[in-house]
Amino acid sequence: MTPSSAVCGTEEGEIFEFDTRKLDTPLSRKKEQRGAIHSLLTYQGMTLATCADGSAFATVTSRVCELTGPNCEPVYGASCDGHFVFTCSRDGKIRKYDFNDFIVE
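Throughout what follows, the structure given in this document is the object of discussion. Everything numeric in this text was worked out from a predicted model, so none of it was measured.

About the thresholds
Numbering of residues begins from 1 in every chain and follows the order in which that chain's sequence is written. Under the rules for a predicted model, residues below a pLDDT of 70 receive no local features and side-chain atom pairs below 80 are neither given nor counted, while totals for whole chains, interfaces and linings still include all residues. With hydrogens and water stripped out, all remaining heavy atoms of the structure feed into the side-chain values. Any two strands with at least two DSSP-identified bridges between them are counted as paired. Only DSSP runs of H or I reaching four residues or more are called helices, and only runs of E reaching two or more are called strands; each is numbered from the N terminus. Only the stretch in contact is used when fitting a helix axis, every axis being a line fitted to C-alpha atoms; angles between N-to-C directions are given from 0 to 180 degrees. Buried means the residue's accessible area, taken with a 1.4 Å probe over protein chains only, is under 20% of the maximum for its type, while exposed means over 50%, and partly exposed covers the values in between.

Here 3 strands make up an open sheet; going across it, the order is β1-β2-β3 and the pairing antiparallel. The outermost strands of the open sheet, each flanked by one partner alone, are β1 (5–9) and β3 (28–31). The sheet shows a mean angle of 15° between the axes of neighbouring strands, direction not considered. Of the pairings in the sheet, the one linking strand β2 (residues 14–19) to β3 comprises 4 bridges and is antiparallel in character.

Spelled out as structure tokens, the structure:
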């Protein structure tokens, strides 16, 4: 991700990255078999997606980190405070994950 990049997710589970200076062609496209993408969060090279099927995952470089917890309940959103990643889901729980677990050394 660069300062001129933007990401978006679709109901079909696709994630696109665009250069905001040239929106006619995506820089990348990834198809996930997880259901609709409910939210996307980018932070310090990480892209975190929350999905309708209850999954949440972070992509850091070429590695994918699965976040556990909701067990088939849709995950609606995610936030990061620099130390922790928080997700919220239909089961009414807010889950907290250590951001350092996503760092690739």
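Continuing now.
Let's shift gears to the environment of Asn100. Within the secondary structure layout, Asn100 lies in the segment after β10 (94–98). When its relative accessible area of 54% is taken as the criterion, Asn100 is described as exposed. In this structure, the C-alpha to C-alpha distance between Asn100 and Leu27, residues 73 residues apart in sequence, is 27 Å.

The phi dihedral of Gln44 falls on the positive side, at around 45°, and the residue is not glycine. Locating Gln44 in the fold gives a position in the loop between β4 (37–43) and β5 (46–51). Residue Gln44 is classed as exposed on the basis of its relative accessible area, which comes to 62%.

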